[in-house]
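Geometric and topological summary
One letter stands for each residue in the lines below.
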Amino acid sequence: MRPHRTQLASVAAVAAALLFAGGAVTVASGEEEAPRTPVSASADAGFARDMSVHHQQAVEMSFIVRDRTRDEAVRRLAYDIANTQANQRGMMLGWLDLWGLPKVESGVEPMAWMGMGGHGDSGPKDGAYMPGMATKTQLEELRRASGREAEILYLKLMTAHHKGGVHMAEGCVRTCSVEVERNLAQGMVDAQESEIRLMADMLRKRGA
């Protein structure tokens, strides 16, 4: 009996791994088909690529402000955002590896998977590749600021950043086919909307 149970456990483990790596399972005529791996032009791949870039800037801004203020509330928020979004970014890049897809797709504009086409022929505005992203000029302002000025600027920039991120995540919830990715996107929506409300309160307390 022991070898039989071990064999069944191994089969179950392999099946679970295939479902995770392959993504969605489609249903046709009442029967499940084989796990389907997202293609490079899919919403699943586009969201993973774009949100990884979006998250990276949030991590960068959070580390900047932690060096520019001693306010514990802002430093704690910045740490939470940096830690959460760095972990989520790692998950999304890991999915692209599992799917055998490039992390950067040349010739494809950001947000094309949402039908937005990024910034069109004009290109990114001062480094802001996607909605909500801070420009290079704004990042430099944050690096030069300190104390209350840095806190307010960070909270404003991160509020805009979160709003753009929520918009993207909602797009994945609607169009992504991989269930675990849709669940992650919905989690982003819920968490970032909560943080937007928190930051609005923090700005009011700072008279901004």
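The notes below deal with the structure included here. Just so we're clear, the structure is a prediction, and the values are computed from it rather than from any experiment.

**So, the nonpolar core**
In terms of nonpolar packing, the biggest core is built from 26 residues, with F47, M51, M92, L96, A169 and M188 touching the most fellow members. Those elements that place two or more of their residues in this core are α2 (43–66), α3 (72–98), α5 (147–175) and α6 (179–205). The greatest single-element share of this core, amounting to five residues, is contributed by α2. Listed in part, the 20 residues of the second largest apolar core include I64, V65, L153 and M202.

**A closer look at the packing of aromatic side chains**
Under the criterion given, the structure shown has two aromatic pairs. Here the aromatic rings of F47 and W113 are separated by 5.7 Å at their centres, their planes lie at 80 degrees, and the arrangement is edge-to-face. Here the residue F47 occupies a position in helix α2, and W113 occupies one in the loop between α3 and α4 (136–144), the gap between them amounting to 66 residues. The same class applies to F47 as to W113, namely buried. Consider the rings of W95 and W99, whose centres lie 6.3 Å apart with planes at 25 degrees: the pair is stacked. The residues W95 and W99 share a single accessibility class, namely buried.

Reading guide: rules and limits
- In this numbering scheme, every chain counts its residues from 1 along its sequence in written order.
- At least 70 in pLDDT is required for a residue's local features to be given in this predicted model, at least 80 for side-chain atom pairs to be given and counted, and no such filter applies to totals for whole chains, interfaces and linings, which use all residues.
- The side-chain quantities take in all heavy atoms of the structure and omit both hydrogens and water.
- Among buried residues, the Ala, Val, Leu, Ile, Met, Phe, Trp, Tyr and Cys ones that are joined through side-chain atoms within 4.5 Å form a nonpolar core.
- Each residue is placed in one exposure class: buried if its accessible area under a 1.4 Å probe, protein chains only, is under 20% of its type's maximum, exposed if it is over 50%, and partly exposed if it falls in between.
- Every helix listed is a DSSP run of H or I at least four residues long, and every strand listed is a run of E at least two residues long, numbered separately from the N terminus.
- Stacked, tilted and edge-to-face are the three classes assigned to paired rings of Phe, Tyr and Trp, where Trp is represented by its six-membered ring and a pair needs centres within 6.5 Å; plane angles under 30 degrees give stacked, over 60 edge-to-face, the rest tilted.

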